[in-house]
Every structure is written in C-alpha cells, then in structure tokens.
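# Geometric and topological summary
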Amino acid sequence: MSTAIGKKKYRSVGDTIFNFVIFLVLSFLIIVTVYPFWNTIAISFNDGLDSVKGGIHLFPRKFTWQNYKALFIDDRLLKAFIISVTRTILQTGVSVFCTCMLAYALSRKEFVAKKAFTIVLVISMYVSAGLIPSYMLIKNLGMLRSYAVYIIPNIVDVFNFILVRTYINGLPDSFVESARIDGAGEFKIFMKIIMPLIVPSVAMISLFVAVGAWNSWFDTYLYCSGEPNLHSLQYKLMEFLQSSQNQSASAADANAMAVAAASGSSSAMVTPISIRSSITMIATLPILVVYPFLQKYFIVGMTVGGVKE
C-alpha cells in the first residue's frame, strides 16, 4: 500500500516538474514570437529622430502619429491601397474557384486523362521557363501595364490544387453518386455538394492566395512599374522606404541624427527605421484581421457522420 502511494507521489512530482518545464518552454516561445512584433509597434509610434538612439523595447518614448501621416499624406498611397485590396479579393476569388473546379475534375475516376493532366501540372510546379520567357509571354498576351496581369497568371496554383484534390479524394463517393441519381449535373454537383464539403480546404487555400496577393510587389515592378495607377500598396511602400533611405543617406548619416536626437531637437521627422516599422504594421494588419476567422477551418472536418454505410 505504501509503495503504491510512494509511486503515486513520485509520478505526481514528476508530472509537476514536466508541466513546469513545458510552461517555461512555451512562455519562452511566446516571448520570442510576440516581442519582435510588439517592438515594431512601439517603434512605429515613436518619434523617428528619437528612434535612432535605440533603447525602445515595449513602449514608445515619444509617441507620435507622424510616421503614419508621412505614409498616407500622399493620395497615391490610398489609390495603391485600393488596388491591393481589389486585387487581393479578385485574385483570391477567381483562383480559389478555378483551382477547386480543376481539382474536382481531376479527382473523378471516370476522367480518362486525369493522370496525364496531373503529371503536367506537377511538372510545372518544379520546372519553370524563367523570368524572361514569362515576361515575353505576358507581353505577347497584351497584359503589360494592365490590371489583368494581377489576376490571369495566378488563376491556378498547383500546390493549392494538390491540397484540394487530396481533400476531395477523401470524400465518400456516395455524395456524388446520390446527386447523379437525382439528376444533378456535374457543375451543380460541384457547387451544391462538393463546395460545401471542402470549406476547410477552401478557407486554407484562400488564406494562402490572399497573403500572396497582398504581399506581392515584384509583378508590379516587372509589368506595371510604368503605370502609376496600377501600383500596388506593397510596391508603393517599397518605393517609399527606398526614397526614405536615400534621403537619409544624402542628408546626414545615422550618427548625425543621433546627435540631433541627443541634443533634444523636437522637430518632427521620419527616419528609415520608423518608416520601416510603420510599413511593416500596415502590411501585416489586414492579414492579422482575416486570419482568426479562417483558422478554425484548418482542422474542422465537414464530412464526419455525413454518410453512414
């Protein structure tokens, strides 16, 4: 009896130590993950000249809105924001819909050429023609300096296609067979049966596409740099950051700004470090707002108990 009690106490002490170690490890990971983001927020709201001195950790020393005002004082930035928002919405909707349709078609057993099409798609994911042929293709298709260059080349993503097709392959065939017996066509089956059942995978690839579209700037640089009305927010922010760094380098170096800050100068100005932090927050905030609404779909299954055979 006493031996059993001793073992129970020993296990209890061991469990307590284990839980404490896990708590320490997770706390460390949380701090390492959250602190850089919080520090970026603090710097973005701190006076740019004061930020050069360093030493800003959790809270700004001299609170100011000047960094964000410097970004949004130009109407072109607002237009770029609209371009990025509309591009993200359209690209996500079109890409997700077409990717799901392709995945459904190539998941059907009765589709004879599905293996050949799948092989071609997978090869295209690993082998690319290169930047110059891609540019020439876009030029020959007449999509240079056009809004279509943001949507059409990104209609189908092979990686997302594989994810959705794998999810569809895991669905019971009874769903599709029952719908066909009732006289439903393939498109109706796709819209009414398949799409509601693959909501978790749709939400997952929607997040992937939306993040990629929102953060993209290189395609603007390649195809629309000469069309200011089509500049995306990320491209404008990249230009703003480069111009800020160039102005800082041409006017004075970081040591001179640090001396001015140490002397108590109160003149409001932005610096590369403050602008960089503000840009990071502007670029990150929309994704942080959308992600919590889609996270739950990553692990939720929609077909459990749907069919009882």
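A brief structural summary.

### A word on the overall build of the protein
In terms of regular secondary structure, the protein is built from 14 helices and zero strands. Of the regular secondary structure in the protein, the N- to C-terminal order runs α-α-α-α-α-α-α-α-α-α-α-α-α-α. A burial count over the protein gives 32% of its 309 residues as buried. If you take every contact in the protein between residues at least 6 apart in sequence, the share linking residues at least 24 apart comes to 73%. Looking at the protein as shown, the accessible area adds up to about 18,800 Å², and 68% of this sits on carbon and sulfur atoms.

### A word on the state of the cysteines
Scanning the model with the defined rule gives zero disulfides in all. There is no disulfide at Cys 100, and the cysteine sulfur nearest it, in Cys 98, is 9.4 Å away.

### Things to note about the layout of surface pockets
Each pocket or cavity is described by its volume, and for the largest pocket that value is around 990 Å³. As for the largest pocket, its lining consists of 33 residues, and the residues nearest its centre are Ser 134, Pro 153, Asn 154, Val 156 and Asp 157. Elements supplying a minimum of two residues to the lining of the largest pocket: helix H4 (75-105), helix H5 (114-126), helix H6 (131-140), helix H7 (158-169), helix H10 (199-215) and helix H11 (218-223). Its residues assigned to classes, the lining of the largest pocket comprises 20 nonpolar, ten polar and three charged. Its boundaries defined by the atoms lining it, the second largest pocket holds a volume of some 340 Å³. Contributing to the lining of the second largest pocket are 15 residues, with Thr 88, Trp 214, Pro 286, Ile 287 and Val 290 lying nearest its centre. Elements supplying a minimum of two residues to the lining of the second largest pocket: H4, H10 and helix H14 (272-295).

### Re the pattern of salt bridges
Taken as a whole, this structure holds four salt bridges when the rule is applied. Note that Arg 180 is salt-bridged to Glu 186, the shortest N-O span being 3.0 Å. With relative accessibility at 32%, the residue Arg 180 sits in the partly exposed group. Taken together, the shared-partner salt bridges connect Glu 110, Arg 180 and Glu 186 into one network.

### Some words on helix H8 (residues 173-181)
Side chains that are three or four residues apart share a direction in an α-helix, a result of its 3.6 residues per turn. Along H8, the positions that sit buried rather than exposed are Ser 174, Phe 175, Val 176 and Ala 179. Backbone geometry just downstream of H8 places Gly 183 in the positive-phi region, at approximately 90°.

### Describing the side chain of Ser 84
Topologically, Ser 84 is positioned in helix H4. Given the relative accessible area of 2%, Ser 84 is considered buried. Look past the residues within four positions of Ser 84 in its chain and what remains in contact with it is Trp 214, Ser 232, Leu 233 and Gln 234.

What counts and how
The residue numbers shown here count from 1 along each chain, following its written sequence. A pLDDT threshold of at least 70 governs which residues receive local features in this predicted model, and a stricter bar of 80 or more applies before side-chain atom pairs are shown or counted, although totals over entire chains, interfaces and linings include all residues. Side-chain measures were taken over the full set of non-hydrogen atoms in the model, leaving aside hydrogen atoms and water. Strands here are runs of E lasting at least two residues and helices are runs of H or I lasting at least four, both read from the DSSP assignment and numbered beginning at the N terminus. The classification of residues rests on relative accessible area computed with a 1.4 Å probe and restricted to protein chains. Under 20% of the type maximum is buried, over 50% is exposed, and intermediate values are partly exposed. By definition in these notes, contact holds between two residues if any of their heavy atoms fall within 4.5 Å. In short, Shrake-Rupley with a 1.4 Å probe defines the accessible areas, and a residue's cover is counted only from the protein chains shown. Cysteine sulfur atoms are paired as a disulfide whenever they fall within 2.5 Å. The distinction between a cavity and a pocket rests on a 1 Å grid over the protein atoms alone: a 1.4 Å probe fits inside a cavity but cannot get out, while a pocket stays open yet meets protein on both sides within 12 Å along at least five of seven lines, and a residue with an atom within 4 Å of a point counts as lining. Grid points are joined across faces, edges and corners, and a volume is the space filled by probe spheres set on the points. Residues are grouped as follows: Ala, Val, Leu, Ile, Met, Phe, Trp, Tyr, Cys and Pro are nonpolar; Asp, Glu, Lys and Arg are charged; all remaining types, including Gly, are polar. For this document, the term salt bridge refers to a Lys or Arg side-chain nitrogen within 4 Å of an Asp or Glu carboxyl oxygen.

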